[in-house]
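A look at the structure
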Amino acid sequence: SPFLTTEAEVTAPLTIAHRGASFDAPEHTFAAYDLAMRQQADVIEIDLQMTRDGQLVAFHDETLERTTDGTGLVRNQTLAQLKTLDAGSWFNDKFPERARAEFQGEQIRTLDEVLERYGHRMKLNIEMKVPEQYDGMEQKVFESLKNHGLLATPYLQNRRIVVESFTSDSLKKLKKLAPGLPLNQSIWKGDISQLSDSDLDHIKSYADSVSIHYRDATEKQVRRLKSSGLLVRFYTVDDLTEMDRLSAYGVSGVYTNRPKEHIMMKSE
Ligand code: G3P
Ligand code: CA
């Protein structure tokens, strides 16, 4: 059953495959998401940007250079233009030791393509990137989730989909559209120590989890967050020693580019 455990119930932190299994495959491609699924990650993490013609795509950067053979801003191109790009070969060039011929020609994927392929097989964590730049992003996320049947009660109750953002206004907008949808407030590196207890109470009014940078994670800080009633996640941990240190804090999820390593660590 896809509904075995909820995030609040698990004793080991969920393994959240950051941009897919993106240490071993080009981020945000089906190759990286498929590998995360094969490695038995609990969750696939997806960043969203928006095209000129208003399509949501799984893509981290605002610009195309780092992870495709294109140039310029994602928002200046139509989906049809983005679909002509190669989102895999950069990985083979940058990491020859992890290169695979089949990565060549991997496509940029729309949110709908991702939901179609993984929505009923994996838990998903969807990040609205720079939503202040993308008018109507929350409405589009809401409609896609609804159209794919992912806002049905059992999905909500089992935290199958979590939507996150660094932008609180965007989470509040989505909360109005989908009151039962679990939301995560992402916290910029260094910021958590500056948030007061009443700031945390405010976050708790619209989100039920926070993600903090793993270098900000002290036992005291994590205890404070948990006692405010928030679930806590760490991003982005690839180092085995750090995974081990952090596992003692009893958090609900760890974002990692190396899901296989995190799962192995949990089973030890
Ligand atoms: O919650 C933060 C997580 O999504 C990692 O951030 O910058 O890699 O998208 P980033
Ligand atoms: Ca992200």
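Residues numbered from 1 in each chain as written. Chains lettered and ligands numbered in written order. Predicted model: local features only at pLDDT ≥ 70, side-chain atom pairs only at ≥ 80, totals over all residues.

Attention now goes to helix H4 (residues 111–118). Burial in H4 covers these residues: Leu111, Val114 and Leu115. Buried residues along H4 cover an arc of 95° about the axis, so they all sit on one side. In this fold, the buried residues of H4 make contact with strand E2 (43–50), strand E3 (56–58) and helix H5 (137–147). (Buried ≥ 20, exposed ≤ 12 C-beta atoms within 10 Å, placed from the backbone. Helix = DSSP H or I, 4+ residues; strand = E, 2+ residues; numbered from the N terminus. Arc of directions from axis to C-beta. Contact = placed C-beta atoms within 7 Å.)

Before going further, it helps to examine the site of ligand 1. Near ligand 1, the surroundings consist of Glu45, Asp47, His60, Glu127, Glu164, Ser186, Ser211, Tyr235, Thr236 and Tyr255. When its residues are assigned to classes, the shell around ligand 1 shows 2 nonpolar, 4 polar and 4 charged. (Near = placed C-beta within 6 Å. Nonpolar A, V, L, I, M, F, W, Y, C, P; charged D, E, K, R; others polar.)

Right, let's talk about the confidence of the model for the chain for a bit. On average, residues of the chain score 94 in pLDDT, and 96% of them reach the 70 mark or higher. Per-residue pLDDT stays below 50 along residues 1–5; that stretch engages in 3 contacts with residues further than four places along the chain or on separate chains. Two summary scores accompany this predicted model of the complex, namely pTM at 0.95 and ipTM at 0.98. (pLDDT = per-residue confidence, 0-100.)

Among soluble globular proteins, nonpolar side chains are generally buried collectively. Core analysis: the largest hydrophobic core is formed by 69 residues, its most contacted members being Ile44, Val57, Val163 and Phe234. At 6 residues, helix H1 (residues 30–38) tops the list of elements feeding residues into this core. Sequence-distant contacts of Val57, defined by excluding residues within four places in its chain, comprise Leu48, Gln49, Thr51, Val74, Leu82, Ile108, Arg109, Thr110 and Leu111. (Core = buried A, V, L, I, M, F, W, Y, C linked by C-beta atoms within 7 Å.)

As a further point, take the pairing of E2. Within E2, 8 of the 8 residues are buried, leaving the element largely enclosed by the surrounding structure. Residues Val43, Glu45, Asp47 and Gln49 line one face of E2 and the alternating positions Ile44, Ile46, Leu48 and Met50 line the opposite face, and both faces are buried. As paired elements, strand E1 (residues 14–17) and E2 share 2 bridges and run parallel to each other. Bridging across to E2, Ala17 finds its partner in Ile44. With 6 bridges connecting them, E2 and strand E4 (residues 123–128) associate as parallel partners. Pairing of Ile44 across the sheet is with Leu124, part of E4. Hairpin remark: E2 followed by E3, antiparallel, with 5 residues in the connecting loop; positive phi at Gly54, about 75°. (Pairing = 2+ DSSP bridges.)

Turning our attention to the environment of Gln221. Tracing the chain through its elements places Gln221 in helix H9 (residues 219–227). For Gln221, a count of 16 C-beta atoms within 10 Å puts it in the partly exposed group. Apart from residues no more than four positions distant in its own chain, Gln221 is found in contact with Ile192, Ser193 and Asp216.

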